[in-house]
Amino acid sequence: MFVNDKRPRATSEDGELQTTEDWELQQTFVEDGASIGSGGIVLGGVRIGRGALIGAGAVVTRDVAPGATVVGSPARPLPTPALTEAR
């Protein structure tokens, strides 16, 4: 799911239904080869890098580096195999 409005509301401060002029569209960029798992939520203004993997149910609140795998809420990067082997 992509969330493209930082402050979603059905009505304005005076109680009237909001129109397209009452909100600001936030762009989200998903680069080539990136994958988003089932139920993943991506907030507006975020860039998901080339080949990145978003885990199922993750809530992406920040940019995701190319090739990174992120999981959780909020989404955090998993350690890379090279870093894990060095330990």
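Residues numbered from 1 in each chain as written. Predicted model: local features only at pLDDT ≥ 70, side-chain atom pairs only at ≥ 80, totals over all residues. Heavy atoms only, no water.

Observations regarding the sheet that holds strand E9 (residues 76-77)
Here is step 1 of the chain: On the basis of which strands lie adjacent, the open sheet formed by four strands has the order E3-E6-E8-E9 and mixed pairing. Of all the strands in the sheet, the pair left with one neighbour each is strand E3 (35-36) and E9.
Here is step 2 of the chain: Bridging between strand E6 (residues 53-54) and strand E8 (residues 69-71) involves two bridges; their strand directions are parallel. Of the residues in E8, the one forming a bridge with Ile-54 is Val-70. (Pairing = 2+ DSSP bridges. Helix = DSSP H or I, 4+ residues; strand = E, 2+ residues; numbered from the N terminus.)

Considerations on the layout of surface pockets
Here is step 1 of the chain: The space that makes up the largest pocket amounts to roughly 150 Å³.
Here is step 2 of the chain: The residue makeup of the lining of the largest pocket, split by class, is one nonpolar, two polar and five charged. (1 Å grid on protein atoms, 1.4 Å probe; cavity = no way out; pocket = protein on both sides within 12 Å on 5 of 7 lines; lining within 4 Å. Points joined across faces, edges and corners; volume = space filled by probe spheres on them. Nonpolar A, V, L, I, M, F, W, Y, C, P; charged D, E, K, R; others polar.)

A closer look at the packing of aromatic side chains
Here is step 1 of the chain: In total, this model carries zero aromatic pairs according to the counting rule given.
Here is step 2 of the chain: The cationic tip of Arg-47 hangs over the ring face of Phe-29; the distance from NZ or CZ to the ring centre is 4.5 Å. (Phe/Tyr/Trp six-rings, centres within 6.5 Å; stacked < 30°, edge-to-face > 60°. Lys NZ or Arg CZ within 6 Å of the ring centre and 35° of its normal.)

Regarding a nonpolar patch on the surface
Here is step 1 of the chain: Among the surface-exposed residues, Phe-2, Val-30 and Ile-36 lie close enough to one another that they form a single nonpolar patch of about 250 Å² accessible area.
Here is step 2 of the chain: Within the secondary structure, Ile-36 sits in strand E3. (Patch = residues over 30% accessible without salt bridge, like charges linked within 9 Å, V, L, I, M, F, W, Y side chains within 5 Å. Areas by Shrake-Rupley, 256 points an atom, 1.4 Å probe, with all protein chains shown as cover. Salt bridge = Lys/Arg side-chain N within 4 Å of Asp/Glu carboxyl O.)

Thoughts on the confidence of the model for the protein
Here is step 1 of the chain: Mean pLDDT over the protein works out to 88, with 92% of the residues at or above the 70 mark.
Here is step 2 of the chain: The spread of mean pLDDT over the elements of the protein runs between helix H1 (residues 81-86), the lowest at 58, and strand E5 (residues 47-48), the highest at 98. (pLDDT = per-residue confidence, 0-100.)

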